[in-house]
Amino acid sequence: QVQLVESGGGLVQAGGSLRLSCAASGRTFSTYAMGWFRQAPGKEREFVAAINWSGGSTYYADSVKGRFTISRDNAKNTVYLQMNSLKPEDTAVYYCAARYSITYRPETTGELYPYWGQGTQVTVSS
């Protein structure tokens with residue numbers, strides 16, 4: 001069982017930056033692929049970024065590529081999402097998710113992640 005707690009959300013102007021953190025419980029964090037997903041009001045949940053167990057492989061949605069960076073610190077059981085050049089369309093609740101996986105390529109499909117955090121709100125004003 002893995003418990004995830006996100007933090008770092010807030011209100012920011014367009015063009016600004018935020019850094020989300022997701023702290024995980026348990027001693028096996030380094031065997032989990034981690035993903036960030038988001039859901040805007042009235043829209044379906046969508047993939048944002050994912051990182052494999054070692055941090056050696058990352059994937060991004062086209063909409064955030066070049067602006068967002070996912071990283072992890074296995075010693076701190078934490079995954080991060082650095083978000084730069086934020087746009088109003090980035091406004092959403094952001095969720096981190098975990099899946100036991102030691103493959104090179106992290107999963108990008110939300111249904112494959114069994115563990116989820118409670119979410120943190122990100123609001124980007126124009």
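Since we're looking at a predicted model, the values are computed, not measured. (Residues numbered from 1 in each chain as written. Predicted model: local features only at pLDDT ≥ 70, side-chain atom pairs only at ≥ 80, totals over all residues. Heavy atoms only, no water.)

### Regarding the overall build of the protein
At step 1: Each helix and strand counted, the protein has zero helices and 11 strands in total.
At step 2: Along the protein, helices (α) and strands (β) appear in the sequence β-β-β-β-β-β-β-β-β-β-β when read from the amino end.
At step 3: Rg of the C-alpha trace for the protein: 13 Å, near the compact-globule value of 14 Å for 126 residues, within the 12% margin.
At step 4: Expressed along its principal axes, the backbone C-alpha trace of the protein runs to roughly 40 × 25 × 25 Å.
At step 5: Looking at the protein as a whole, 44% of its 126 residues qualify as buried.
At step 6: Considering only intrachain contacts with a sequence separation of at least 6, the fraction spanning at least 24 residues in the protein is 60%.
At step 7: Of the side chains in the protein, 12 bear a positive and 9 a negative charge, and the two mean positions are spaced by 6 Å. (Helix = DSSP H or I, 4+ residues; strand = E, 2+ residues; numbered from the N terminus. Rg over C-alpha atoms; globule rule 2.2 N^0.38 Å. Buried < 20%, exposed > 50% of the residue type's maximum accessible area, 1.4 Å probe, protein only. Contact = heavy atoms within 4.5 Å. Lys, Arg positive; Asp, Glu negative; His and termini not counted. Charge placed at Lys NZ, Arg CZ, Asp CG, Glu CD.)

### A closer look at the sheet that holds strand S8 (residues 78-83)
At step 1: Spatially, four strands are ordered S1-S3-S8-S7 in an open sheet, and the strand pairing comes out antiparallel. Taken across any chain shown, the strands that pair with only one partner, and hence form the sheet edges, are strand S1 (4-7) and strand S7 (68-73). Strand after strand, the sheet turns through a mean of 15 degrees between neighbouring axes, direction not considered.
At step 2: Sheet analysis places S7 next to S8, joined by six bridges and oriented antiparallel. Bridge pairing links Arg 72 to Val 79 in S8. (Pairing = 2+ DSSP bridges. Axes fitted to C-alpha atoms, helices over the stretch in contact; angles between N-to-C directions.)

### Some points on the nonpolar core
At step 1: One finds Leu 4, Met 34, Trp 36, Leu 81, Met 83 and Tyr 94 to be the most contacted residues of the largest nonpolar core, which totals 36 residues.
At step 2: Ignoring any residue separated from it by four or fewer positions in sequence, one finds Leu 81 in contact with Leu 18, Arg 19, Leu 20, Trp 36, Val 48, Ala 49, Phe 68, Thr 69, Ile 70 and Tyr 94. (Core = buried A, V, L, I, M, F, W, Y, C linked by side-chain atoms within 4.5 Å.)

None of this, on its own, says anything about what the molecule does.
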